[in-house]
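# Coordinate analysis (summary)
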Amino acid sequence: MRKLLSVIIVYLVGWIPMFPCTSAVVSGRVTPDGRPLLWKHRDASDLNNRIVHFEAEGGKLEFVGLVNGVDTMANEVWAGYNTSGFAIMNTASYNLKNDTSSLSDREGVVMKQVLGECRTVEDFARLLDSLPRPIGVEANFGVVDALGGAAYFEVNSYEVFRYDVKDSPDGYLLRTNYSVSGRPNEGYGYIRYDNAARLFSRAASERSITPEWITGVCSRSFYHILLGRDFTTDAWVVDQDFIPRRSTSASVVIEGVKPEESPVFTTMWTILGYPPCSVVLPVWIGCEYGVPTLQGAEDSVRSPLCEWSNRLKNKVFSLERGSGPHYLHMALLYNPEGNGYAQRLLLLEKEIYAESRIVLDEVRRKGEWNNEHVGGLLDIVQQKIVTLFGQILK
């Protein structure tokens, strides 16, 4: 009777909103350079995301975070890292809540607080224990720090379940929209999890998991494990259970540091918008020019890059009547000639990574940031982005 009542409520009031995300916490055991990674491929109701730089004020740590466009006061953060090298993200869980509290959807508020206060994974664990109950969350929180800590915390309003990556024989952990500690066979994202697991298992065996691979392959993957094939050669495709979805608003890979390195060299490789229709940019809070202007960090609540990506995505999802919004015009993203939207943008993304790595490798060797070199790099790569989007969107 309770299940029947739930079905009736859904039909009466409309579909219950659900925002899928795909994520990973990766230890240095399976990366080529030994640095940990934190990945969040975000789906959201607000598709206009931006990066915000939060100054160190009132005893809080300085940090950067992914923020919704409608959140003009930046009260919530959905992924980010601070100057101590501590990073956090989340995925919504739909099988973990076991109470009747009306307090909910506080994940972004909690993560903003955490970034301002926590330096390590253990700090985060203690903060969770100290928060007043009910916390008002139902989520899988992924975290890494500069000391080698890496874990998921599955958290509801009253309970915390911890999973350390060091205990995983695979060297990484994945989460979508259900929790391992939650009610079996409930929640969402089981097929997306398997899609991601297929990709990660192969790369982990070769110790080849990198930010370039995650954003270039995983965040743009149209392989469907249940159907057993890649759909990038099709003309039209139903947008169902792929990692990138029409509701995707960003994909972020936070590259941590080795234990002997300074946390100021932590990097947040950030794609704003729909990844097949966007490109990555590095975010560095350790230097003066480290937050790209195209990501709307300082002077605007709307990122130009995110808006361009959304405009391009609207060309790909061009059908509006009936069930048309569920259909993706794949031939615009990928074609045999190699000049589809996604193909052209991925070529530029590879250039951005290569040029950014030159600057990042230099500052790691010298032990300090070169603001002039960072500013010059971002000027060059952002101009390339402006030029390419101008050509594609004309």
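Below is a summary of the structure that appears in this document. (Residues numbered from 1 in each chain as written. Predicted model: local features only at pLDDT ≥ 70, side-chain atom pairs only at ≥ 80, totals over all residues. Heavy atoms only, no water.)

As a further point, take unusual backbone geometry. In this chain, Arg133 is followed by Pro134 through a cis amide linkage whose omega measures -5°. With respect to the helices, strands and loops of the structure, Pro134 is situated in the loop between helix 3 (121-130) and strand 7 (139-144). Phi is positive for Asp105, which is not a glycine, with a value near 60°. Asp105 sits in the exposed class, given a relative accessible area of 58%. Residues other than glycine seldom take positive phi values, yet Asn185 does so here, at roughly 65°. Looking at the secondary structure, you find Asn185 in the loop between strand 10 (172-175) and helix 4 (190-205). (Helix = DSSP H or I, 4+ residues; strand = E, 2+ residues; numbered from the N terminus. Buried < 20%, exposed > 50% of the residue type's maximum accessible area, 1.4 Å probe, protein only.)

So, on to the sheet that holds strand 5 (residues 79-82). In spatial order, the strands read 3-4-5-6-7-8-9; together these seven strands make up an open sheet with antiparallel pairing. At either end of the open sheet lies a strand with only one pairing partner, and these are strand 3 (49-54) and strand 9 (160-164). For this sheet, the mean inter-axis angle between neighbouring strands, taken without regard to orientation, is 20°. Bridge analysis of strand 3 against strand 4 (residues 63-68) gives six bridges, and the strand direction is antiparallel. The residue of strand 4 that forms the bridge with Ile51 is Leu66. Where helix 3 meets the sheet, its contacts fall on strand 6 (87-92), strand 7, strand 8 (150-155) and strand 9, and the angle it forms with strand 8 comes to roughly 15°. (Pairing = 2+ DSSP bridges. Axes fitted to C-alpha atoms, helices over the stretch in contact; angles between N-to-C directions. Contact = heavy atoms within 4.5 Å.)

Assignment of secondary structure puts Asp239 in the loop between strand 13 (237-238) and strand 14 (248-255). Here Asp239 occupies a buried position and makes no salt bridge, while the nearest side chain of opposite charge, Arg245, is found at 5.8 Å. Of the polar contacts made by the side chain of Asp239, one reaches the backbone nitrogen of Arg246; its length is 3.0 Å. Once residues lying within four places of it in the same chain are set aside, the contact partners of Asp239 are Pro244, Arg245, Arg246, Phe317 and His326. (Lys, Arg positive; Asp, Glu negative; His and termini not counted. Salt bridge = Lys/Arg side-chain N within 4 Å of Asp/Glu carboxyl O. Polar contact = N/O pair within 3.5 Å; in protein donor to acceptor, adjacent residues only side chain to side chain.)

A separate point is the nonpolar core. Among the nonpolar cores identified, the biggest contains 63 residues, and Phe200, Ile209, Ile214, Leu333 and Ile385 are the most heavily contacted of them. When residues no more than four places from it in sequence are discounted, the contact partners of Phe200 are Ala24, Val26, Trp39, Tyr172, Leu174, Ile209, Trp213, Ile214 and Cys218. With 51 residues, the next largest nonpolar core counts Val67, Val110, Met111 and Tyr152 among its residues. (Core = buried A, V, L, I, M, F, W, Y, C linked by side-chain atoms within 4.5 Å.)

What follows deals with helix 9 (residues 371-393). If you check helix 9, its first and last C-alpha atoms are 32 Å apart, about what 23 residues at 1.5 Å a residue would give, namely 33 Å. Those residues of helix 9 not exposed but buried are Val374, Gly375, Leu377, Leu378, Val381, Gln382, Ile385, Leu388, Phe389, Ile392 and Leu393. If you follow the buried residues of helix 9, they end up packed against strand 16 (280-283), helix 6 (304-316) and helix 8 (341-366). Its side-chain oxygen at 3.1 Å from the backbone nitrogen of Glu372, Asn370 defines the N-terminal cap of helix 9. (Expected span 1.5 Å × (residues − 1).)

Moving on: the pairing of strand 2 (residues 37-43). A large share of strand 2 lies buried, amounting to seven of its seven residues. Of the two faces of strand 2, the one carrying Leu37, Trp39, His41 and Asp43 and the one carrying Leu38, Lys40 and Arg42 are both buried. In this sheet, strand 2 lies alongside strand 1 (residues 22-26) in antiparallel orientation, the contact comprising five bridges. Bridging across to strand 2, Val26 finds its partner in Leu37. The sheet contact formed by strand 2 and strand 14 spans seven bridges and is antiparallel. What sits directly across from Trp39, in strand 14, is Val253.

Running from amino to carboxyl end, helix 8 crosses helix 9 at an angle of 175°, the nearest separation of the two axes being 10 Å. Judged by the inter-axis angle, helix 8 sits roughly antiparallel to helix 9. Residues Tyr341, Arg344, Leu345, Leu348, Glu351, Ile352, Glu355, Ser356, Val359 and Glu362 of helix 8 pack against His373, Val374, Leu377, Ile380, Val381, Lys384, Ile385, Leu388, Phe389, Gln391 and Ile392 of helix 9. Of the residues assigned to the contact of helix 8 with helix 9, the class counts are 13 nonpolar, three polar and five charged. (Parallel < 35°, antiparallel > 145°, perpendicular 65-115°, else oblique. Nonpolar A, V, L, I, M, F, W, Y, C, P; charged D, E, K, R; others polar.)

In this section: the side chain of Ser221. Secondary-structure assignment places Ser221 in the loop between helix 5 (211-216) and strand 11 (223-224). A distance of 3.3 Å separates a polar atom in the side chain of Ser221 from the backbone nitrogen of Tyr223. If we ignore the near neighbours within four places in the chain, the residues touching Ser221 are Leu199, Phe242, Ile243 and Pro244.

So, on to the pairing of strand 6. The element strand 6 is largely enclosed, with a buried count of five among its six residues. Across three bridges, the pairing between strand 5 and strand 6 is antiparallel. The residue of strand 6 that forms the bridge with Tyr81 is Ala87. Two strands pair when backbone bridges link them, and strand 6 and strand 7 are joined in this way by six bridges, in the antiparallel orientation.

In this section: the packing of aromatic side chains. Using the criterion set out here, one finds 19 aromatic pairs in the structure. Each ring, one from Phe86 and one from Phe124, has its centre 6.2 Å from the other, and the planes form 45°; the classification is tilted. In this pair, Phe86 is assigned in the loop between strand 5 and strand 6 and Phe124 in helix 3, connecting sequence segments 38 residues apart. Since its relative accessible area comes to 0%, Phe86 is described here as buried. For the ring pair Phe222 and Tyr334, a centre distance of 6.4 Å and an interplane angle of 75° mean the geometry is edge-to-face. Separated by 112 residues along the polypeptide, Phe222 in the loop between helix 5 and strand 11 and Tyr334 in the loop between helix 7 (330-333) and helix 8 bring together distant segments of the chain. Like Phe222, the residue Tyr334 is buried in the burial classification. Cluster of aromatic residues (ring-pair linked, three or more members): Phe265, Trp269, Trp284, Tyr353 and Trp369. (Phe/Tyr/Trp six-rings, centres within 6.5 Å; stacked < 30°, edge-to-face > 60°.)

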